[in-house]
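Commentary on secondary and tertiary structure
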Amino acid sequence: MYFNSEKMEKTIGRVAEKTPEVGETVSGLLVKKAFTYQIMALDDLHVFLQLSTTNISQRITIAYTGAFGVLKHRLKQIFESVESLPDEESEGRAFGVHEQLTVKYESEKHITLH
């Protein structure tokens, strides 16, 4: 047996301030509480629920023995935005990928991703 039921979401907070036009995309967090669904902005999460948000930073060290310039060249072939970063500690041996990821030369055997 297959049961198909419609689900209705309620927009609250900043998402509900503007009524969307037909076909317009509504963006936010979908939260299920009990048997109801609510769409809210990330900034409203702590207002309507007893939840909070935080940013988590992570650094990964990877064994890499190739030339750092070759790595940068290969990533430029894959990604649109690969830019050198001014970093006094690494003496110009760091670059950013799409302003989201930093690749940094650590030693002859390691690179880090931030």
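Residues numbered from 1 in each chain as written. Predicted model: local features only at pLDDT ≥ 70, side-chain atom pairs only at ≥ 80, totals over all residues. Heavy atoms only, no water.

Negative phi values dominate among residues other than glycine, just as trans dominates among peptide bonds. At A34, a position not held by glycine, the phi torsion is positive, near 60°. Among the secondary structure elements, A34 is positioned in the loop between β2 (29-33) and β3 (36-40). Phi angles above zero are rare outside glycine, and H98 is one such case at about 55°. (Helix = DSSP H or I, 4+ residues; strand = E, 2+ residues; numbered from the N terminus.)

Buried residues of helix α2 (residues 68-78): F68, L71, K72 and L75, and no others. Angular distribution of buried residues about the axis of α2 spans 95°; they occupy a single face of the element. Residues of α2 that are buried make contact with β5 (82-84), β6 (94-97), β7 (101-107) and β8 (110-113). (Buried < 20%, exposed > 50% of the residue type's maximum accessible area, 1.4 Å probe, protein only. Arc of directions from axis to C-beta. Contact = heavy atoms within 4.5 Å.)

We now examine the pairing of β6. Here β6 shows no split at all, with A94 and G96 on one side and F95 and V97 on the other all buried. When β6 meets β7, the two strands line up antiparallel, connected through four bridges. Within the sheet, the bridge partner assigned to A94 lies in β7 and is K104. Connecting the antiparallel pair β6 and β7 is a turn made up of three residues, with H98 showing a positive phi of about 55°. (Pairing = 2+ DSSP bridges.)

Here the focus is the sheet that holds β5. Whenever strands of a sheet pair, they do so through backbone hydrogen bonds, lying parallel or antiparallel. Strand order in the open sheet formed by five strands is β4-β8-β7-β6-β5, and the pairing between neighbours is antiparallel. The open sheet has two free edges, formed respectively by β4 (60-63) and β5, since each of these has just one partner strand. On average, adjacent strands in this sheet sit at an angle of 25° to one another, irrespective of strand direction. Along the sheet, α2 contacts β5, β6, β7 and β8; its crossing angle with β6, the most-contacted strand, is approximately 15°. (Axes fitted to C-alpha atoms, helices over the stretch in contact; angles between N-to-C directions.)

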